[in-house]
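This is what each chain is made of:
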Amino acid sequence: MCVSTRGIVGGYVDLVEGSAVLTIPVARSDGSTGRCIARVEAEAEWVGAVPVDGEPGQEAKMRARWLLRHMELEADGDRDALVLYSLPAALVPSPWTPSREPSLLPRDVRAFFPELAAMTQSREVLQLAVVGTLMVAMHTFAFVTFRRQQGIQREYEQLQRYMLLRPEPWLVRLQTDALAVAEIDRMLLPKASDGKRPTTSVAATEGLLYGSRRNELVQAFTVVQAKDGAHAVLFEASKAGSGWQLEHVSLTRPHTLQEGLLEAIKVQTAAEALAQMIHTMPSLLRHQLAAERPSQPPQSPPRKLRPGMMSPSHRPDGVAKPQKR
């Protein structure tokens, strides 16, 4: 009679401790009834032996033979297994050993999973459970954080589409002046290998400008990719006669701008949120004006008059002379 061992093999092989337990499905090759599970237990030849030269090395353990210690068959419908060969065990059964005792679990399931009672008493299994739990918690936290960041990014992209301004000539001039005040030209990326490089700071923004225009006031921001990362340039301009005049220019990081806008739009409009961001940041225009203002020459201290001298302010020629007595 020919038999087939096609199926899933359960159990474990421990090369360190030198023990192995395998559960192998056995059936007739013609497909007729008579399926069973063969349970094979083996130990390495050095297990239980008296060491002559000390504990065998790892290479010797890998080359060692495996000796059959126990073999039994558990057929369908039989409660007791048929033991074909058995010797006393030299090692305590591993917690990963599939259960031999009948239980409420089906035989096919019980043959491929360790015994739960033995696993709960094993220190290694508990350590593995703790590590597995931590890994699942870390992956869950990373997944939730990633989904949250994706949601924030989608919300910010929707806000940008809503606040996108048309690149009108006068607005582009304001953008150019604001980038010049922020000194973006010195922070542009170097020329790439293909020779392409933004020739101006406005080109580095890809022509994208976001903000709002209300009556004679414009509040906007743009993002530039520079050597040390991305920068967000915020500016405010007001109508001055037939032109526009910058009133505020500030520089920040895009993530700071994103967090501030998304937090502010929860209680106010997008235009009000941008205005709040602009007014709470220090303006670069003030620092530039303070640097360009000429310094006043120091004034000399007033001269002290000797007794008998008149103040220059009291003489027409402005020269102090002694008074006649």
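Structure first, text after, so check above.
This report concerns the structure included in the present document. Not measured: the values here are computed from a predicted model.

## Examining the environment of Gln-121
Link 1 in the chain: Turning to its location among the elements, Gln-121 is positioned in the loop between helix H3 (116-120) and helix H4 (123-163).
Link 2 in the chain: The class of Gln-121 is exposed, set by a relative accessible area of 70%.
Link 3 in the chain: Placed 26 residues apart in sequence, Gln-121 and Pro-95 show a C-alpha to C-alpha distance of 8.1 Å.

## Side note on the pattern of salt bridges
Side chains that differ in charge, positive against negative, can pair when their charged atoms come close.
Link 1 in the chain: Enumeration according to the criterion identifies five salt bridges in this entry.
Link 2 in the chain: Between Glu-43 and Arg-69 there is a salt bridge, with its nearest N and O atoms 3.9 Å apart. Placement of the pair is Glu-43 in strand S4 (residues 36-44) and Arg-69 in strand S5 (residues 66-75), with a sequence separation of 26 residues.
Link 3 in the chain: Linked through salt bridges whose partners overlap, the residues forming this network are Arg-39, Glu-41, Glu-43 and Arg-69.

## Examining the packing of H4 against helix H7 (residues 254-264)
Link 1 in the chain: Taken N-terminus to C-terminus, the directions of H4 and H7 make an angle of 80°; their axes are 11 Å apart at the nearest point. One element, H4, and the other, H7, form an angle in the roughly perpendicular class. On the side of H4, the interface is formed by Ile-152, Gln-153, Glu-155, Tyr-156 and Leu-159, while H7 contributes Leu-257, Gln-258, Leu-261 and Leu-262.
Link 2 in the chain: Tallied by class, the residues present in the contact of H4 with H7 amount to six nonpolar, two polar and one charged.

## Brief notes about helix H5 (residues 169-181)
Link 1 in the chain: Here H5 is 13 residues long and its end C-alpha atoms lie 19 Å apart, about the 18 Å a rise of 1.5 Å per residue gives.
Link 2 in the chain: When H5 is considered as a whole, its buried residues turn out to be Trp-170, Leu-171, Leu-174, Gln-175, Ala-178, Leu-179 and Val-181.

## A few points about a nonpolar patch on the surface
Link 1 in the chain: Taken together, the side chains of Val-9, Val-13, Leu-15, Leu-22, Met-62 and Trp-66 define a hydrophobic patch exposed on the protein surface, amounting to about 520 Å² of accessible area.
Link 2 in the chain: Positionally, Met-62 belongs in helix H1 (residues 58-63).
Link 3 in the chain: Judged by relative accessible area, which is 52%, Met-62 ranks as exposed.

Rules of the game
Residues numbered from 1 in each chain as written. Predicted model: local features only at pLDDT ≥ 70, side-chain atom pairs only at ≥ 80, totals over all residues. Heavy atoms only, no water. Helix = DSSP H or I, 4+ residues; strand = E, 2+ residues; numbered from the N terminus. Buried < 20%, exposed > 50% of the residue type's maximum accessible area, 1.4 Å probe, protein only. Salt bridge = Lys/Arg side-chain N within 4 Å of Asp/Glu carboxyl O. Axes fitted to C-alpha atoms, helices over the stretch in contact; angles between N-to-C directions. Parallel < 35°, antiparallel > 145°, perpendicular 65-115°, else oblique. Contact = heavy atoms within 4.5 Å. Nonpolar A, V, L, I, M, F, W, Y, C, P; charged D, E, K, R; others polar. Expected span 1.5 Å × (residues − 1). Patch = residues over 30% accessible without salt bridge, like charges linked within 9 Å, V, L, I, M, F, W, Y side chains within 5 Å. Areas by Shrake-Rupley, 256 points an atom, 1.4 Å probe, with all protein chains shown as cover.

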